[in-house]
Amino acid sequence: MNTEKIWLSSPHMGGNEQKYVQEAFEANWVAPLGPNVNGLEIDIEKYLEQSSHVAALSSGTAALHLGLILLGVKAGDEVICQSMTFSASANPILYLGAIPVFIDSEKDTWNLCPIALEEAIVDRIAKGKKPKAIIGVHLYGMPFKVEEIMTVSKKYNIPVLEDSAEALGSTYKGQKCGTFGPLAALSFNGNKIITTSGGGALVCKKKEDKDKTVFLATQSRDNAPHYQHSEIGYNYRMSNICAGIGRGQMEVIDLRVSQRRAMNTFYQAIFKDNDEVSVFKEPNTDYFSNHWLSAIVLDSYEKREALRLALEKENIESRPLWKPMHLQPIFSKYPYYGKKVAEELFDNGLCLPSGSNLKETDKLRIEKNISSFFTTFANL
Ligand SMILES: *Cc1c(COP(=O)(O)O)cnc(C)c1O
């Protein structure tokens, strides 16, 4: 057995992270505010190219939580959410005592199905409650069907909170993910395309939304010499130390995107002549994915599971796709609209090692084990 583990997605430093962290120590900005926090926000704003206003926060989950608060979501309200996603997309709905309404995926981008989305909105309105917000996810870096989703959003006047946690660097028709809705969440967790060890950000179209986010994230302090509060506050601001890591990472974001995309090209080549497997890719040239994770779909659950176990035996990490939220014990009692697209993807799909720091020797090991699996499996 190979002792060195090949990870699905591990942190990949650019080189200047410690310089920014060092500066924070030297200036004693060891706090959840400071020059790195402001600097990181400006770096991201420039990168997104859409005159956005960015608030750096302690996590992507915190960004989604505050995003829902900014959209006015209160206890008892309904919030539409893509079912096929990580639980952090949906948990903040429950933090607020609101009700999630889950939507199936479509087959092209694996994200919000615009048809099921509209069906759900029409049905919820008929049942007497218009949903307050739509959480759409750019899963594995793949942009959702931006035009279709934004058309439904406009038609019913329900804002989209983009969960862009996996999609920094992805674009639709040349525009960066995270700039389509009034608000978008980014994540800099250790497994994401760039990291601050743990962290996130809320991208706001309007300056006053950013100001409100920072206010809420720093305990909602009113303007007074003493501590005075008229609203519930949160401790969600990013640490200036973490932001220093983020500043170093933003220097290499474009490189990381091209490295992740190269991993997808690598898998496209491996499976080119394999009709048992399809590699997840952009439906057409309007879509540009950062390919945060490369994923494949096999032609049966049994084969998917056998491949996963075969790789595990060789110390190569792979993972089934996100288990849809409407199948999760904590969320199964909430409404669901759609068919079985997400369920089938969950049954047959597998994420493969996708890190930007995988070495040529790692790639050889992956390739060798995948091809020997298909030779053996075919002969069983
Ligand atoms: C990682 C992730 C989040 C949460 O981000 P954290 O920074 O880990 O809180 C939310 N949504 C999706 C789709 C994610 O992948």
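Keep in mind it's a predicted model, so treat the numbers as computed, not measured. (Residues numbered from 1 in each chain as written. Predicted model: local features only at pLDDT ≥ 70, side-chain atom pairs only at ≥ 80, totals over all residues. Heavy atoms only, no water.)

**Some points on the packing of aromatic side chains**
One pass over the full model with this rule turns up 12 aromatic pairs. Between Tyr140 and Trp292 the ring centres are 6.4 Å apart and the planes differ by 15°, which places this aromatic pair in the stacked class. On the criterion of sequence distance, the pair formed by Tyr140 in the loop between strand 4 (133-137) and helix 6 (146-156) and Trp292 in the loop between strand 11 (287-288) and strand 12 (294-298) is long-range, its members being 152 residues apart. Per residue, the accessibility class of Tyr140 equals that of Trp292, and both read buried. Lys5 extends its terminal NZ or CZ atom over the ring of Trp7, reaching a point 4.6 Å from the ring centre. Between Lys192 and the ring centre of Trp292, over which it is positioned, the NZ or CZ distance is 5.7 Å. (Phe/Tyr/Trp six-rings, centres within 6.5 Å; stacked < 30°, edge-to-face > 60°. Helix = DSSP H or I, 4+ residues; strand = E, 2+ residues; numbered from the N terminus. Buried < 20%, exposed > 50% of the residue type's maximum accessible area, 1.4 Å probe, protein only. Lys NZ or Arg CZ within 6 Å of the ring centre and 35° of its normal.)

**Details of the pattern of salt bridges**
Considering all chains together, one arrives at 25 salt bridges under this definition. Across the pair Glu343 and Lys340 runs a salt bridge whose closest N-O atoms are separated by 3.1 Å. With relative accessibility at 18%, the residue Glu343 sits in the buried group. One salt-bridge network, held together by shared partners, links Arg304, Glu305, Arg308 and Glu312. (Salt bridge = Lys/Arg side-chain N within 4 Å of Asp/Glu carboxyl O.)

**Topic: the site of the ligand**
Surrounding the ligand, one finds 16 residues, the nearest of these being Thr61, Asp163, Glu166, Ser187 and Lys192. Its free accessible area being 380 Å², the ligand has 95% of it covered by the protein chains. Of the residues forming the shell around the ligand, the biggest block, three residues, is contributed by helix 3 (residues 60-70). Of the residues assigned to the shell around the ligand, the class counts are five nonpolar, eight polar and three charged. (Near = heavy atom within 4 Å. Areas by Shrake-Rupley, 256 points an atom, 1.4 Å probe, with all protein chains shown as cover. Nonpolar A, V, L, I, M, F, W, Y, C, P; charged D, E, K, R; others polar.)

**Concerning the packing of helix 1 (residues 17-26) against helix 8 (residues 240-250)**
When two helices pack together, their arrangement is given by the angle between the helix axes and by the axis-to-axis distance. Packing of helix 1 against helix 8 brings their axes to within 7 Å, and their N-to-C directions diverge by 150°. The angle between the axes of helix 1 and helix 8 places the two elements in the roughly antiparallel class. Helix 8 is crossed by helix 1, and the crossing has right-handed handedness. Here helix 1 contributes Glu17, Tyr20, Val21, Ala24 and Phe25 to the contact with helix 8, which in turn contributes Asn240, Ile241, Gly244, Ile245, Arg247, Gly248 and Gln249. Of the residues in the contact of helix 1 with helix 8, the class split is six nonpolar, four polar and two charged. (Axes fitted to C-alpha atoms, helices over the stretch in contact; angles between N-to-C directions. Parallel < 35°, antiparallel > 145°, perpendicular 65-115°, else oblique. Left-handed = near helix turned anticlockwise from the far one by under 90°. Contact = heavy atoms within 4.5 Å.)

**Brief notes about the sheet that holds strand 13 (residues 319-320)**
Overall, antiparallel pairing links the four strands, which are arranged 10-12-15-13 in an open sheet. At either end of the open sheet lies a strand with only one pairing partner, and these are strand 10 (277-279) and strand 13. Two elements, strand 13 and strand 15 (residues 349-352), share two bridges in a ladder whose sense is antiparallel. In the sheet register, Arg319 faces strand 15, and the bridge partner there is Cys351. Lying over the sheet, helix 10 (residues 301-313) contacts strand 12, strand 13 and strand 15, oriented at roughly 25° with respect to strand 15. (Pairing = 2+ DSSP bridges.)

**As for the domain arrangement of the protein**
Size of an interface: often given as the accessible area lost when the parts come together. What the domain assignment reports for the protein is domain 1 (17-252) and domain 2 (254-378). Centre-to-centre, using C-alpha coordinates, domain 1 lies 26 Å away from domain 2. Counting residues at the interface gives 46 residues for domain 1 and 39 residues for domain 2. The contact between domain 1 and domain 2 buries some 3900 Å² in all, and 65% of this surface belongs to carbon and sulfur atoms. Taken together, the connections running from domain 1 to domain 2 amount to 26 residue pairs in polar contact (both at pLDDT 80 or more). (Domains from an automatic or database assignment. Buried area = accessible area lost by both parts, 1.4 Å probe. Polar contact = N/O pair within 3.5 Å; in protein donor to acceptor, adjacent residues only side chain to side chain.)

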